[in-house]
Amino acid sequence: MSSRTLAVGLLVVTLCLPAVAAGTAPTSTVSVDAPATAAPGETVTATIRIDAESSVYAAEFELSYPSAGAATQATPGGFLSANASTFVVANRVNESAGRVSFGESRRDTQTGVTGEGVLAEVDVTVPTDASGTVALSLPSVKLAAPNGSAVPVAVENATVDVETDGAPTATATGPSDAPAGTPATVTPTPSDGVIRATATRSAPGTVSVSATGGGTVVASLPETEVGDRTGVRLTDLTVRSVSADRFDATVRAVSPDAAGFEGPEPPVLAAYNISHSVSGGEYGPVRFRFTVSDERLLEVGAGPEGTGLYRLTGDGWTRLPTTTVESTDAGYVFAARSPGLSTFAVAAEPGAKTTAVASLTPSPSPSATPTAVPPGTTAESPSDAIGPGLGAVAALVALAVVALGAGRR
């Protein structure tokens with residue numbers, strides 16, 4: 001039986017079953033961590049944290065933000081991907097409702113995760129006409145244990161005080177979703193506002209990135225010639241907490257077959273060297289998005305589960321937390337997090353199972369309106385349905401069963 005057939009079959013069977021009772025498992029806490037203050041038009045990061053008292057295998061949440069503002073898709077944190085691969089089954093923004101929906105599950109393992117960590121991060125832009133306070137809340141949170149049972153969860157929401165006295169607002173002078181390589185600039189906002197960088201192909205295999213103003217630098221990268229030949233494309237670079245007035249970087253694609261290049265142990269599909277103008281203390285964590293074509297993975301006999309981004313340090317190569325985001329016509333899309341910039345390699349371990357990510361991603365369905373929890377309070381998360389006849393916990397049970405079933409083959 002193919003992995004795609006197994007996944008779909010188990011998912012359909014599981015959705016027909018009632019959710020497993022939670023039992024006496026300890027209550028885990030999921031909270032929103034955000035800056036205490038922000039200016040109108042400023043972009044802040046909402047970090048969705050978890051303190052898991054019992055083992056967690058899959059998680060799903062909805063983040064509510066002011067609908068007059070804006071938000072990005074969630075970037076997976078490293079909690080669920082600790083010592084295992086994961087897949088994202090939902091990651092979408094409902095602008096009209098002011099909601100970000102996100103779901104992620106472990107796979108190829110029978111163990112869950114306990115302790116503290118980050119489920120995901122979402123960048124939220126405060127409405128330009130905001131005043132007083134704005135709420136960043138979690139109206140729906142669901143956790144599933146390795147055996148598919150529901151994990152009791154308590155929710156802690158957050159509020160952000162809006163400082164309007166003399167605070168400048170962000171003014172876009174170019175399209176925020178400009179195509180790769182097209183200059184787009186934004187007047188810098190105070191604190192950690194998003195600054196869209198200019199990214200252009202400056203030479204064969206080389207992209208130059210430039211941004212003025214501190215904050216979070218976001219760059220959409222055009223393809224490089226070396227990247228094109230490897231079937232790998234580095235598409236997005238986000239550098240957080242840049243304190244310098246200007247940020248410049250050069251992304252050079254390096255051929256894995258280049259003389260003198262020694263990559264990590266798994267076969268290297270592509271490599272990139274990123275030099276930059278700021279010191280290590282002038283910027284924070286880095287996030288990457290990259291795609292790998294199906295054909296390239298087949299060439300090395302690997303699947304998305306064995307694919308990861310590696311970083312070169314003084315101690316050698318280190319695999320970074322890497323999550324499979326989705327499967328598209330262009331191949332698999334991955335997200336990875338790094339503590340800094342350096343030389344990076346995309347590598348894939350041969351023999352890793354190939355799971356049809358697209359078949360595990362349900363189509364968006366109308367959501368029932370959840371009962372809102374007042375900002376700043378702690379409450380038990382409601383059992384809201386996420387689709388006709390399907391409870392959210394049942395969906396997480398399905399994720400756990402599918403992931404475990406594929407891992408036991």
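Read on for a plain summary of the structure. As the structure is a computational prediction, the values presented were derived from the model and not from experiment.

Scoring rules and cut-offs
- Residues numbered from 1 in each chain as written.
- Predicted model: local features only at pLDDT ≥ 70, side-chain atom pairs only at ≥ 80, totals over all residues.
- Heavy atoms only, no water.
- 1 Å grid on protein atoms, 1.4 Å probe; cavity = no way out; pocket = protein on both sides within 12 Å on 5 of 7 lines; lining within 4 Å.
- Points joined across faces, edges and corners; volume = space filled by probe spheres on them.
- Helix = DSSP H or I, 4+ residues; strand = E, 2+ residues; numbered from the N terminus.
- Core = buried A, V, L, I, M, F, W, Y, C linked by side-chain atoms within 4.5 Å.
- Buried < 20%, exposed > 50% of the residue type's maximum accessible area, 1.4 Å probe, protein only.
- Contact = heavy atoms within 4.5 Å.
- Phe/Tyr/Trp six-rings, centres within 6.5 Å; stacked < 30°, edge-to-face > 60°.
- Polar contact = N/O pair within 3.5 Å; in protein donor to acceptor, adjacent residues only side chain to side chain.
- Salt bridge = Lys/Arg side-chain N within 4 Å of Asp/Glu carboxyl O.
- Pairing = 2+ DSSP bridges.
- Axes fitted to C-alpha atoms, helices over the stretch in contact; angles between N-to-C directions.

Quick word on empty space enclosed by the protein
Item 1. Here the structure, examined in full by the defined rule, presents six cavities of 30 Å³ or more.
Item 2. Here the largest cavity is characterised by a volume of approximately 60 Å³.
Item 3. Every residue lining the largest cavity is counted, 11 residues in all, and those nearest its centre are Pro222, Glu223, Thr224, Leu234 and Tyr272.
Item 4. Per-element tally for the lining of the largest cavity: the top contributor is strand S17 (residues 232-242), with three residues.

Considering the nonpolar core
Item 1. With 42 residues, the main nonpolar core has Val209, Phe247 and Phe288 as its most contacted residues.
Item 2. Where this core is concerned, the elements lending two or more residues are strand S15 (206-212), strand S16 (215-220), S17, strand S18 (246-254), strand S19 (268-276), strand S20 (286-292), strand S24 (331-338) and strand S25 (343-348).
Item 3. Tallying contributions element by element places S17 first for this core, with five residues.
Item 4. Aside from chain neighbours lying at most four places away, what touches phenylalanine 247 is Val209, Ser210, Ala211, Val217, Val239, Val242, His276, Ser277, Val278 and Leu341.
Item 5. In terms of nonpolar packing, the next biggest core, distinct from the first, is built from 40 residues, Ala34, Val124, Leu138 and Ala158 among them.

With respect to the packing of aromatic side chains
Item 1. Applying the stated criterion to the full structure yields four aromatic pairs.
Item 2. Ring centres of phenylalanine 261 and tryptophan 317 lie 6.2 Å apart, and the angle between their planes is 70 degrees; on these two criteria the pair is classed as edge-to-face. Placement of phenylalanine 261 in the loop between S18 and S19 and of tryptophan 317 in strand S22 (residues 316-319) is noted, with a sequence separation of 56 residues between them.
Item 3. The exposure class assigned to tryptophan 317 is partly exposed, which follows from its relative accessible area of 21%.

Some words on the side chain of asparagine 157
Item 1. Here asparagine 157 is to be found in the loop between strand S11 (153-156) and strand S12 (158-162).
Item 2. Polar contacts involving the side chain of asparagine 157 include one to the main-chain amide nitrogen of leucine 138, which spans 2.7 Å.

Re the pattern of salt bridges
Item 1. Taken as a whole and assessed by the stated rule, the structure comprises nine salt bridges.
Item 2. Here glutamate 305 ties to arginine 107 by a salt bridge, and the two come within 3.8 Å at their closest N and O atoms. Of this pair, glutamate 305 sits in the loop between helix H3 (294-299) and strand S21 (307-313) while arginine 107 sits in strand S8 (residues 99-107), placing them 198 residues apart in sequence. Arginine 107 carries the same exposure label as glutamate 305, and that label is buried.
Item 3. Note that arginine 337 is salt-bridged to glutamate 121, the shortest N-O span being 3.5 Å. Residue arginine 337 is located in strand S24, and its partner glutamate 121 is located in strand S9 (residues 113-125); the two are separated by 216 residues in the primary sequence.

Here we look at unusual backbone geometry
Item 1. The phi angle at asparagine 83 is positive, at roughly 60 degrees, despite the residue not being glycine.
Item 2. With respect to the helices and strands, the residue asparagine 83 is situated in the loop between strand S6 (75-76) and strand S7 (85-94).
Item 3. For asparagine 83, a relative accessible area of 81% corresponds to the exposed category.
Item 4. Despite not being glycine, serine 241 has its phi angle at roughly 55 degrees, a positive value.
Item 5. Residue position: serine 241 is located in strand S17.

Focus on the sheet that holds S19
Item 1. The strand order across the open sheet formed by seven strands is S14-S15-S18-S19-S25-S21-S22, and the pairing between neighbours is antiparallel. Lying at the two open borders of the sheet, with one neighbouring strand each, are strand S14 (198-203) and S22. If you compare each strand with its neighbour and ignore which way they point, the axes differ by 25 degrees on average.
Item 2. Examined bridge by bridge, S21 and S25 share six bridges and lie antiparallel to one another. In the strand pairing of S25, leucine 309 is matched with valine 346.

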